[in-house]
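Structure at a glance
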Amino acid sequence: MGRIEADLASLKARQLPRWYDEAKFGIFIHWGLFSIPAFAPRLGSISDAFKKDYDRAVAMTPYTEWYANAIKVPGTPSAEFHAKHYGNAPYSSFREPFLSGLKNWDPDAWADTFRNAGAKYVVLVTKHHDGFCLWPSATENRHEPGWVSPRDIVGELARAVRAAGMRFGVYYSGGIDWSFNREPLRTFADFVGSRPGGDYPSYAMAQVRELIDRYEPSVLWNDISWPTTLGPLLELFADYYKAVPDGVVNDRWPHLDLAARMLRYRPARRLLDFFAKRYFAKHPDAVEGVLPKEIPHSDFRTPEYRRFDTVQTKKWEATRGMSHSFGFNREDTEADYQPPAGLLSDFIDGVAKGGNLLLNVGPRADGSIPEPQLARLRFFGEWLKLNGEAVYGTRPGGGPGETASAITSDGLPVRITRGDGKVNLIVLGRPQGQRLVIRDFSVATAGGRNLADGSPVETAREGPDTVLTLRLPPKGDFAPAIELRTD
């Protein structure tokens, strides 16, 4: 890939590693002290929290992993839940129960589950906003001594994941650490303006370098922002690529600049809140999920609980929980989880537009994965075992700005991917019968096959449409994938 230097020209000249583009499906894991209370309000999505209750939205999100902040805001459901179940106990009291529960955790069982789901890489949250580290970090936190796991959760999972044939990555909350900045956060401006200063930038830099040196992660996934200026950040990227030549970094590294410094002051925050609150009120349908702004350098973008409408020129990775939270929420019922077919449809749609999916798993405190999540992982695994050729290693079915989609004569959406000498048509539904008409779609083909059973598929043209005749009916299976040979 050439020599990597700590400057934008050198970093931008680096090509995206092929493995990451071809992997398509990864597993995210949010697990930590917040898995003990496992509670958050159920107002809907994170966007709904800002639309419905802006003045305390950060403490009202459905993200259980934000519990440590939510209990600091009086009157919130989390504060009331904490008082009822834990009295005046500080958040730090969850440390010992979590560590004691590790005796039940089996990293190899996790790795087997993720491999069987069809995942090609796994990204573990090593430190979330609460600041607790899932590895025995040698970098001292002077604000919360002993705020680490003596058991090397990161190292054990890295070993298990790699032994199962997958890549391993790490998440790090670089922009927020509530063990350094302990003020209660309520609004959007509070949140984005809470990046710690003081000794935190050197602490975060030392910890991320420690993660790189110890575990050589294939994915370096930072969250929220980064506490240093651009120069040290570019040095970090260059050193990471030298240590892990085929590694990738995400897009959540906005560095410290003048605007970020201004948001440390309350008047600037209140001004931002004034305009943000008005925008949410006037455009309630315009804000769904999270789309980080573009930064000077990244390998891929990370829309959260949202996707792109068209094929993108830059690699991207959608990330989401199976319900509205990443961490496990004890209040969730089956109705709170996205249906398996909906999750799979979103995944296929993203792949057809050049994206990956980083699907989150939120284990219970004892390391067990809730059955609703396991059921969805099995659903993915069963589909990918039969139809993975239409996904892994493919390219989008259209060019930049196009939709990579079509529709059947009976209204079922179709997504299109391409490989060497083939085009794949994936029907997002359960077509009936053995005849499929793909509207306004044509491709020169010598025939095809149903990937699920290998049976041949005949092709014919009817005006602007392509007619597919299956030798065997799809048996009601969801999202049949048809491979058409083009060479």
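Residues numbered from 1 in each chain as written. Predicted model: local features only at pLDDT ≥ 70, side-chain atom pairs only at ≥ 80, totals over all residues. Heavy atoms only, no water.

**With respect to the packing of helix 10 (residues 200-215) against helix 11 (residues 230-243)**
As a packed pair, helix 10 and helix 11 sit with axes 10 Å apart at the nearest point and diverge in direction by 10°. Here helix 10 is positioned roughly parallel relative to helix 11, judged by the angle of their axes. Of helix 11, the residues touching helix 10 (which contributes M205, V208, R209 and I212) are P232, E235, L236, D239, Y240 and A243. When the residues that make up the contact of helix 10 with helix 11 are grouped by side-chain class, the tally is seven nonpolar, no polar and three charged. (Axes fitted to C-alpha atoms, helices over the stretch in contact; angles between N-to-C directions. Helix = DSSP H or I, 4+ residues; strand = E, 2+ residues; numbered from the N terminus. Parallel < 35°, antiparallel > 145°, perpendicular 65-115°, else oblique. Contact = heavy atoms within 4.5 Å. Nonpolar A, V, L, I, M, F, W, Y, C, P; charged D, E, K, R; others polar.)

**So, the sheet that holds strand 7 (residues 355-361)**
Sheet strands associate in pairs through backbone hydrogen bonding, adopting either a parallel or an antiparallel arrangement. Read from one edge of the open sheet, seven strands run 5-4-3-2-1-7-6, paired in parallel fashion. Because the sheet does not close on itself, it has two edges, and the strands there are strand 5 (248-249) and strand 6 (316-320). Pairing between strand 1 (residues 25-29) and strand 7: five bridges, direction parallel. Of the residues in strand 7, the one forming a bridge with F25 is L357. (Pairing = 2+ DSSP bridges.)

**Describing the nonpolar core**
In terms of nonpolar packing, the biggest core is built from 124 residues, with F25, F98, F114 and F347 touching the most fellow members. For this core, the element with the most residues is helix 10, which contributes eight residues. Beyond its immediate chain neighbours, meaning those up to four positions away, F98 contacts W31, G32, L33, I36, F132, L134, I153 and A365. (Core = buried A, V, L, I, M, F, W, Y, C linked by side-chain atoms within 4.5 Å. Buried < 20%, exposed > 50% of the residue type's maximum accessible area, 1.4 Å probe, protein only.)

**Regarding the side chain of H82**
Looking at the secondary structure, you find H82 in helix 5 (residues 77-86). Given the relative accessible area of 6%, H82 is considered buried. Here the side chain of H82 touches Y67 through a polar contact of 2.7 Å, side chain to side chain. When near neighbours in sequence (up to four residues on either side) are disregarded, H82 contacts Y67, I71, G87, A89 and F94. (Polar contact = N/O pair within 3.5 Å; in protein donor to acceptor, adjacent residues only side chain to side chain.)

**Quick notes on unusual backbone geometry**
The backbone phi angle of K24 is positive, close to 70°, even though this residue is not glycine. Mapped onto the secondary structure, K24 falls in the loop between helix 2 (18-23) and strand 1. The backbone phi angle of A38 is positive, close to 50°, even though this residue is not glycine. Relative to the elements of secondary structure, A38 occurs in the loop between strand 1 and helix 3 (46-52). A38 gets classed as buried once you look at its relative accessible area, which sits at 2%.

**Notes on helix 13 (residues 266-282)**
Taking 1.5 Å per residue, 17 residues should reach 24 Å; helix 13 reaches 24 Å between its end C-alpha atoms and fits that length. Buried within helix 13 are the following residues: A268, R269, D273, A276 and F280. Down the axis of helix 13, the sector holding all buried residues measures 130°, keeping them to one side. Of the exposed residues in helix 13, the ones pointing more than 90 degrees away from its buried face are P267, L271, A281 and K282. (Expected span 1.5 Å × (residues − 1). Arc of directions from axis to C-beta.)

**Points about the pairing of strand 2 (residues 121-127)**
Among the seven residues in strand 2, seven count as buried, and that is most of the element. Where strand 2 and strand 3 (residues 167-173) come together, six bridges link them in parallel fashion. When the sheet's bridge partners are listed, V123 is paired in strand 3 with G169. Between the parallel elements strand 2 and strand 3, the chain passes through helix 8 (residues 153-163) in a crossover that is right-handed. (Right-handed = clockwise from strand over helix to strand, strands pointing away.)

**Section: the pattern of salt bridges**
This structure, assessed with the given rule, holds 37 salt bridges. In this structure, the salt-bridge partner of D349 is R307, at a minimum N-O distance of 2.4 Å. Within this pair, whereas D349 is found in helix 14 (residues 340-352), its partner R307 is found in the loop between helix 13 and strand 6, the two being separated by 42 residues in sequence. For R307, a relative accessible area of 34% translates into the label partly exposed. In this structure, a network of salt bridges that share partners links the residues E183, D190, R269, R270 and D273. (Salt bridge = Lys/Arg side-chain N within 4 Å of Asp/Glu carboxyl O.)

**Concerning the environment of P431**
When you line up the elements, P431 lands in the loop between strand 11 (422-427) and strand 12 (435-439). Put simply, P431 and D410 are 21 residues apart on the chain and 8.6 Å apart in space, counted from C-alpha to C-alpha. Residue contacts for P431: discarding those within four places in its chain leaves L412, L436, P474 and P480.

**What to know about the layout of surface pockets**
Put simply, the largest pocket is a space of about 1200 Å³. Class assignment of the residues belonging to the lining of the largest pocket gives a composition of 27 nonpolar, eight polar and nine charged. Here the second largest pocket defines a volume of roughly 410 Å³. Along the walls of the second largest pocket sit 24 residues, with Y305, R306, R307, R320 and D346 positioned nearest its centre. Going through the elements one at a time, strand 6, helix 14 and strand 7 are the ones with two or more residues in the lining of the second largest pocket. Here the lining of the second largest pocket gets four residues from one element, more than from any other, and that element is helix 14. Residue classes in the lining of the second largest pocket are distributed as eight nonpolar, eight polar and eight charged. (1 Å grid on protein atoms, 1.4 Å probe; cavity = no way out; pocket = protein on both sides within 12 Å on 5 of 7 lines; lining within 4 Å. Points joined across faces, edges and corners; volume = space filled by probe spheres on them.)

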